[in-house]
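# Examining the three-dimensional arrangement
Chain residues, written in single-letter form:
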Amino acid sequence: MGMKQTIAALLVASGFVAACGNSGGDNKAATPAIQQEAQAFLDSYTKEYVQLYTASSEAQWQSNTAIKEGDTTLTVAARKADEAMAAFPGSNTNIETARKLMAAKDQLTDLQVRQLEQILYAAANNPQTV
């Protein structure tokens, strides 16, 4: 992962983590179903994204600090972690779910709309649909 990709991923991850609280409070009965569905998707996406980002970062760290001549194990592990990190935002499931939720954006909170827009923007870098 290049420096620009790392910085972008860190910003996206920190934005999702900072913003993904349940903005509707604890009264789920008063929250529209589409908002609950959107929040569940955003929470799940954020959890998976942070796990993949952490694994990728740790694998890169190991690859760059625990260097053993002739041993490519850590390099291969870092490459696989980076590939998983790159593939996740652009998965068909994530794109389709975000688009479906954005079709009802007038019923979502402003925060949820901004987060879904960010998810679709991140998906554009590595779309599985291509």
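In what follows, the accompanying structure is described. (Residues numbered from 1 in each chain as written. Predicted model: local features only at pLDDT ≥ 70, side-chain atom pairs only at ≥ 80, totals over all residues. Heavy atoms only, no water.)

Assigned secondary structure in the protein consists of five helices and zero strands. For the protein, the sequential pattern of α-helices and β-strands runs α-α-α-α-α. Counting every position in the protein, which comprises 130 residues, the buried fraction comes to 33%. The contacts in the protein between residues at least 6 apart in sequence include a share of 70% that link residues at least 24 apart. Roughly 8,100 Å² of accessible area belongs to the protein as shown, and the carbon and sulfur atoms make up 56% of that amount. (Helix = DSSP H or I, 4+ residues; strand = E, 2+ residues; numbered from the N terminus. Buried < 20%, exposed > 50% of the residue type's maximum accessible area, 1.4 Å probe, protein only. Contact = heavy atoms within 4.5 Å. Areas by Shrake-Rupley, 256 points an atom, 1.4 Å probe, with all protein chains shown as cover.)

Our focus in this paragraph is the pattern of salt bridges. All chains considered together, the criterion is met by two salt bridges. Measuring nitrogen to oxygen at the nearest pair gives 3.4 Å for the salt bridge that ties Arg79 to Glu83. Of this pair, Arg79 and Glu83 both sit in helix α3 (residues 73–87), four residues apart, roughly one helical turn. (Salt bridge = Lys/Arg side-chain N within 4 Å of Asp/Glu carboxyl O.)

Right, let's get into the packing of aromatic side chains. Across all of its chains, the model carries three aromatic pairs by this definition. Judged by centre distance (5.9 Å) and plane angle (50°), the rings of Phe41 and Tyr45 are tilted. Separated by four residues within a single helix, Phe41 and Tyr45 lie in helix α2 (residues 33–65), roughly one turn from each other. Like Tyr45, Phe41 is buried. The interplanar angle of 40° and the centroid separation of 4.9 Å between the aromatic rings of Tyr45 and Phe88 together place this pair among those described as tilted. Taken together, the residues Tyr45 in helix α2 and Phe88 in the loop between α3 and α4 (92–102) connect sequence positions 43 residues apart. With relative accessibility at 1%, the residue Tyr45 sits in the buried group. What links up through ring pairs into an aromatic cluster is the set Phe41, Tyr45, Tyr49 and Phe88. (Phe/Tyr/Trp six-rings, centres within 6.5 Å; stacked < 30°, edge-to-face > 60°.)

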